[in-house]
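What follows is each chain in one-letter form.
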Protein chains: 2
Amino acid sequence: MVVVGAGFAGLNATLALCDEPVDIALVDRDNYHGFWPLLYQVATAGLGPDDIAHPVRAIFADRHNVSVRLGTVVGIELDERQVLLDHGEVLDYDYLVVAAGSSTSDFGIPGVSEHAFPLKTLPEAVRLRNHILTAFERADADRAAVPDGLLTVVLAGGGPTGVEMAGAISELIGTNLALDFPHLDVTSARVVLVEATDRLLGGFSPRSQDEALETLRAKGVEVLLGAPLARVTASGVVLADGSEIASHTVVWTAGVRANPLADLLPGEKARNGTVVVTADLSLPGHPEVFAVGDVAAAAGRSGEPLPQLAQVAIQGGRHAARQVAARLAGKPTRPFRYHDHGIMATIGRQSAVAELPGGLKLRGSMGWAAWLAVHLVFLVGFRNRLVVLVNWAWNYLTWDRASRVILEDTSRP
Amino acid sequence: MVVVGAGFAGLNATLALCDEPVDIALVDRDNYHGFWPLLYQVATAGLGPDDIAHPVRAIFADRHNVSVRLGTVVGIELDERQVLLDHGEVLDYDYLVVAAGSSTSDFGIPGVSEHAFPLKTLPEAVRLRNHILTAFERADADRAAVPDGLLTVVLAGGGPTGVEMAGAISELIGTNLALDFPHLDVTSARVVLVEATDRLLGGFSPRSQDEALETLRAKGVEVLLGAPLARVTASGVVLADGSEIASHTVVWTAGVRANPLADLLPGEKARNGTVVVTADLSLPGHPEVFAVGDVAAAAGRSGEPLPQLAQVAIQGGRHAARQVAARLAGKPTRPFRYHDHGIMATIGRQSAVAELPGGLKLRGSMGWAAWLAVHLVFLVGFRNRLVVLVNWAWNYLTWDRASRVILEDTSRP
C-alpha cells in the first residue's frame, strides 16, 4: 500500500500499520517529519531548524516493510491503482492513504504571493528569521535614515499561528533585539496583527479570545480586529477601509487550503479545496482510498466540518490505518469518531490559553505549562525532545533566543 | 578602534579589549561567530547549523563600548584611517585589527571552483549535507540504474578537515545511511581521500600520521597518497597520473588562502596571500594596524611561519589587543610569542590523534576524549555547549546522526 505524506496524518497511519502484514511505501517531498506547531519558534529564533525536523527514514529504519520514497506525487491513477512520482517512479497500491496536508492560500488577495512571507515549511521559517534579523541589521547600518516600515512586522491572520507569532516576535524584539541593538531605537519597531473578523482565535471561547487580546496588547502588539486586508504591496499592506500600514515584513498566516494534490482526486471538493470523504474517511466510490488530515474534509460527530488541526490529522491517520487492517482481516470498516483533546495556543513567555474537553480552561502560566508538556510529548524523537527542552529551558531562564543566526542561502550557487 | 572579523582572532581581540577605555566597532559579514572546527559535523549531519553558530551581538550585548557592524569591508584607507563597508558606512579608527580569516583557494586546479564543494562556511556545510543526502535519495529512487559515481565522495586534501570529513562520512554512510536505505546496496558507496603528498596530516608526527591512515583504511576509506589532482570535472576527478575517479561529490578541503581583504592592504604578501607583519603583529610602517589569525603570516619563535590554526588566531587576537592597550597606556609593544598548546584531529567515533606540548601524544579513545573536552571548552556560549553535548551524547550512545535533514534553499524566492 501507499501513504502519501509524512506529516501527522501519514506518519501516524504508517506507524499504526507497520506491524501489520503489509508493505508500505511512504512518500513525502521532504526527507523529514516536521513538527509544525513549533514552526513559529524557528521563525522567531527560539529553536534551530533541525530541532523540529526528524528524518523520516530514521523513524522506520528497523521496519523492513516500510519503504520511504522522497518525491512529489504528480499523478494518482485510481483505476490502475498507481501513484506517479515526479522522478518517474510508479508505485502500485492495493490501499492508498492520501495525507498530503495543506498549503498556503492567498484567498485571492492581491500581492500576497508576491510580497508576503508564508509560514508553512521549514525553509520558509528560516527565510523569515533571516529577513527579520536582516531588517534590524539594515536599520542599524544607517540609523539616521531607517526606511518607513523596515522595523514593522504585520501578521495577517488572528488564528493560532498569527497569535503565537505576534507574541514571540514582540518578545524577540523587546528583549533580545533591544539588547542586541543598543544604539537603535527599537521602541520604534511595531508588531501589528490584522484580523478580518472581530475576534482572535476563532474556535476558542470568548474568554480565551479576550485573554489572548489582552496579553498581546500588554506586550505592545497592535491588534486590529474587523480589519480585512485589501492587498499587500512591496511597501506594506492596505486594509479594506483604505488605510495603509508601511511594512517590509508581512507574514501571511491567514490562508490555508488543501494541498493541490487534492485536485488529482476526482469528485467534489469541500471548503478550501479539501477532499470530500465518507464516514470511514474513504473516498466515495473508492473504499480502498482514504484521505486524512488537512487534505480532507472530515466531519465531526454532529456532522460539523472538523478544523485543520494536528489532533484531527493524528486521529484520522490512525483511523485510516485501522480500517485498512480491518479490511485486510475481512472485517467491515467503522465511521471516524473524533475525540476532542482540546485546543491550545501560546501567547509568549509564560502565557497560553488551553481549552480541554469537559469545559476545563487553562490560562496564563498554567496554560503555558500544559502547552509545553503537550508539545514535548508529541515531538517525534527523543533527541529532538531533549534538545528542544534544553533550548526552552535556556530561553526561559535567560530570556535569550539563541538561534538568531542569519543562515544565508543554502542552495547550490 | 575597528576590528575586522568576528572569528577566533577578531572575537578574542575584542573580548580582550572591551574592558579598556576604547570604543570598538566589530565588523563581520555574518551575524554569528562560527565554531569552524566542528563545521565538518554539520556537513555530516552530526550537528545542526545553529549549534556551532553564536550571534555576535549576543556576546557583546552588555558591552556598550562594542558596536557590532554587519557588512563586508570593501576598502581600507590607511592614510585617512578609515574602513569602508559595502553598504556605504565609513568607520574611523585610531587602531585597526584585521582578522578577516581565510577563504578557499583552488590552487589554480581547473574545475575546482565550478564542480567541487568548498567547506569553509555554514551555508556551504548545509549545502554539502543536502547534496550527500540527496544523492542517496536519488540512488534509492531508481536502484536499478544508479549513475556511476553518484555514491562516491572524493575528499581532496589530507589535512585535518579532509581526515575528519573522511572519518565522519564513512560513519554516516556505514551506519546511518545503511539503515536508512535498507534496499540500497550501500556497500557500493565509496569514500576516497586523495592527498598530493605522501602523508596525511602534514605537521603531525609520523606515528599520528600512520594512526590516521590505518584508522581511515579500517573504516573503509580509500586513501590515495602521492596523488595530486589534475582537475575536477562534472563527473569526477582526474589525478595527475591520468587516472579518473567518477564522483558526484568532490569536497575541496585542500586549499586555503588569506581572505581577499588582505589585498586591500599595501605591502608584500607571504604564502597564500597572507599579510606580512612585524614581530608585534603590526603592519610594517603602520604601527596602528595589526593583522592576526589566518589572514596574517605570523612567525613562530625560530622565525618559522605559523600554521593557519584556531590557537594561532586566538593567541594572535589577544596579543594584538594587549599591544593596543599598551600603546594607549604609553608603553612599548612586545613581540608575539606563540605558545604551542598542541594539535589534534578526530578520525571518527572514539578515535583521534592529539599531540600535546612536551611530546605527549594521545591516540584512539584517549585522543578522542581530549578532543571532545577541548572542543566543548572553546565553543562559545553555554547553550551551544549544552546542545552540542546532548547531540554528541546522543550520537555516541545511539550511533545516530540526527541532523540528516535536507534543508532546501532558504533564500527568498
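What you see as residue numbers is a count from 1 along each chain, following the sequence as written. Both sets of labels track the order of writing: A upward for chains, 1 upward for ligands. Selection of residues for local features in this predicted model requires a pLDDT of at least 70, selection of side-chain atom pairs for listing and counting requires 80 or more, and totals for whole chains, interfaces and linings are taken over all residues.

Side note on the interface of chain B and chain A
How big an interface is tends to be stated in terms of accessible area lost as the parts join. Each partner contributes residues to the interface: chain B has 49 residues there, and chain A has 49 residues. Only DSSP runs of H or I reaching four residues or more are called helices, and only runs of E reaching two or more are called strands; each is numbered from the N terminus. When residues in the side of chain B that touches chain A are grouped by element, the largest group, eight residues, is from helix α5 (residues 122–141) of chain B. The residue makeup of the side of chain B that touches chain A, split by class, is 22 nonpolar, 13 polar and 14 charged. Residues are defined as contacting one another if the C-beta atoms placed from their backbone atoms lie within 7 Å. Amino acids outside the nonpolar list (Ala, Val, Leu, Ile, Met, Phe, Trp, Tyr, Cys, Pro) and the charged list (Asp, Glu, Lys, Arg) are all regarded as polar, and Gly is one of them.

Comments concerning the pairing of strand β24 (residues 343–346) of chain B
All names here are of chain B. Bridge count for β24 against strand β25 (residues 352–355) is four bridges, and the pairing is antiparallel. Among the inter-strand pairings, Thr-346 is bridged to a residue of β25, identified as Ala-352. When DSSP finds two or more bridges between a pair of strands, those strands are recorded as paired. Two successive antiparallel strands, β24 and β25, enclose a turn made up of five residues, where Gly-348 displays a positive phi of approximately 115°.

Some remarks on the packing of helix α1 (residues 8–17) of chain A against helix α8 (residues 310–328) of chain A
All names here are of chain A. Relative to each other, α1 and α8 sit at 35°, their axes nearing to 7 Å. Handedness of the α1/α8 crossing: right-handed. Contacts between α1 and α8 involve Phe-8, Ala-9, Gly-10, Leu-11, Asn-12, Ala-13, Ala-16 and Leu-17 from the first element and Ala-310, Ala-313, Ile-314, Gly-316, Gly-317, Arg-318, Ala-320, Ala-321, Arg-322, Val-324 and Ala-325 from the second. Residue composition of the contact of α1 with α8, grouped by class: 13 nonpolar, four polar and two charged. To get an axis, fit a line to the C-alpha atoms, keeping to the stretch in contact for a helix; angles then go from 0 to 180 degrees between the N-to-C directions. By convention the crossing between two helices is left-handed if the near helix lies anticlockwise of the far one by an angle smaller than a right angle, and right-handed if it lies clockwise.

So, the relation of the copies chain B and chain A
We place the copies in one frame by least squares, fitting the C-alpha atoms of every residue whose pLDDT is at least 70 in both. Once chain B has been moved 0.0 Å along the axis and rotated by 180°, it coincides with chain A to within an RMSD of 0.0 Å. Accordingly, the operation relating the two chain copies is best matched by a two-fold axis.

Some thoughts on the domain arrangement of chain A
For the domains described, the bounds stem from an automatic or database domain assignment. As far as domains go, chain A holds domain 1 (2–29 + 71–104 + 256–328) and domain 2 (112–254 + 343–398). Each partner contributes residues to the interface: domain 1 of chain A has four residues there, and domain 2 of chain A has five residues.

Points about the sheet that holds strand β12 (residues 152–156) of chain B
Backbone-to-backbone hydrogen bonds join strands into a sheet, with any given pair of strands oriented parallel or antiparallel. All names here are of chain B. With parallel pairing, the five strands of this open sheet are ordered in space as β11-β18-β12-β13-β14. The sheet terminates laterally at β11 (117–118) and β14 (222–224), the two strands that pair on one side only. Sheet analysis places strand β13 (residues 190–194) next to β14, joined by three bridges and oriented parallel. Bridging from a neighbouring strand, Val-194 pairs with Leu-224 of β14. Against the sheet, helix α6 (residues 160–180) engages β12, β13 and β18 (249–252), with an angle of about 175° to β13.

Let's talk about the environment of B:Ala6
In this fold, B:Ala6 is placed in the loop between β1 (2–4) and α1 (8–17). Between the alpha carbons of B:Ala6 and B:Val312 there is a distance of 15 Å; along the sequence they are 306 residues apart.

Observations concerning helix α9 (residues 364–378) of chain B
What sets the pattern is the α-helix's 3.6 residues per turn: residues three or four places apart point alike. All names here are of chain B. Multiply 1.5 Å by the residue count of a helix minus one, and that product is the helix's expected span. Between its first and last C-alpha, α9 extends 21 Å over 15 residues, near the 21 Å set by a 1.5 Å rise per residue. Counting other C-beta atoms within 10 Å of its own, a residue is labelled buried from 20 upward, exposed at 12 or fewer, and partly exposed in the gap between, with every C-beta atom placed from the backbone. For α9, the full list of buried residues reads Gly-367, Trp-368, Trp-371 and His-375. Buried residues of α9, viewed axially, fall in a sector of 100°; they line one side. α9 presents Ser-365, Ala-373 and Val-377 as exposed residues on the side facing more than 90 degrees away from its buried surface. Tucked into the core, α9 has its buried residues touching β24, β25 and β26 (361–362). The arc in question is traced by the directions running from the helix axis to the C-beta atoms.

With respect to α5(B)
Over its 20 residues, α5(B) runs 28 Å from end to end, which matches the ideal 28 Å to within 8%, given 1.5 Å per residue. The buried fraction of α5(B) amounts to 14 of the 20 residues, a majority that puts the element mostly inside the structure.

Examining the sheet that holds β25(B)
Residues and elements named next belong to chain B. Taking strand neighbours across the sheet as the criterion, the three strands line up as β24-β25-β26 in an open arrangement whose pairing is antiparallel. Of all strands in the sheet, those with a lone pairing partner are β24 and β26, marking the two edges. Of the strand pairs in this sheet, β25 and β26 are connected by two bridges, and their pairing is antiparallel. The residue bridging Glu-355 from the neighbouring strand is Lys-361, located in β26. Strand contacts of α9: β24, β25 and β26, with the helix running at about 75° to β25, the strand carrying the most contacts.

A word on the confidence of the model for chain A
Of all residues in chain A, 98% have pLDDT values of 70 or greater, and the mean over the chain is 91. Among the scores for the predicted complex, ipTM is 0.89 and pTM is 0.91. Looking at any residue, its pLDDT shows the predictor's confidence there, from 0 to 100.

Thoughts on the environment of B:Thr152
All names here are of chain B. With respect to the helices and strands, Thr-152 occurs in strand β12. Taking the C-alpha atoms as reference points, Thr-152 and Ala-16, 136 residues apart in sequence, are found 45 Å from one another. Filtering out sequence-adjacent residues up to four positions away, Thr-152 remains in contact with Ala-189, Arg-190, Val-192, Ile-245, Ala-246 and Ser-247.

Structural notes on the environment of B:Leu38
Residues and elements named next belong to chain B. Relative to the helices and strands, Leu-38 is located in the loop between β3 (32–34) and α2 (39–43). For Leu-38, a count of 23 C-beta atoms within 10 Å puts it in the buried group. Between the C-alpha atom of Leu-38 and that of Thr-161, which follows or precedes it by 123 residues, the distance is 9.6 Å. Ignoring sequence-local partners within four residues, the contact set of Leu-38 consists of Leu-47, Ile-52 and His-375.

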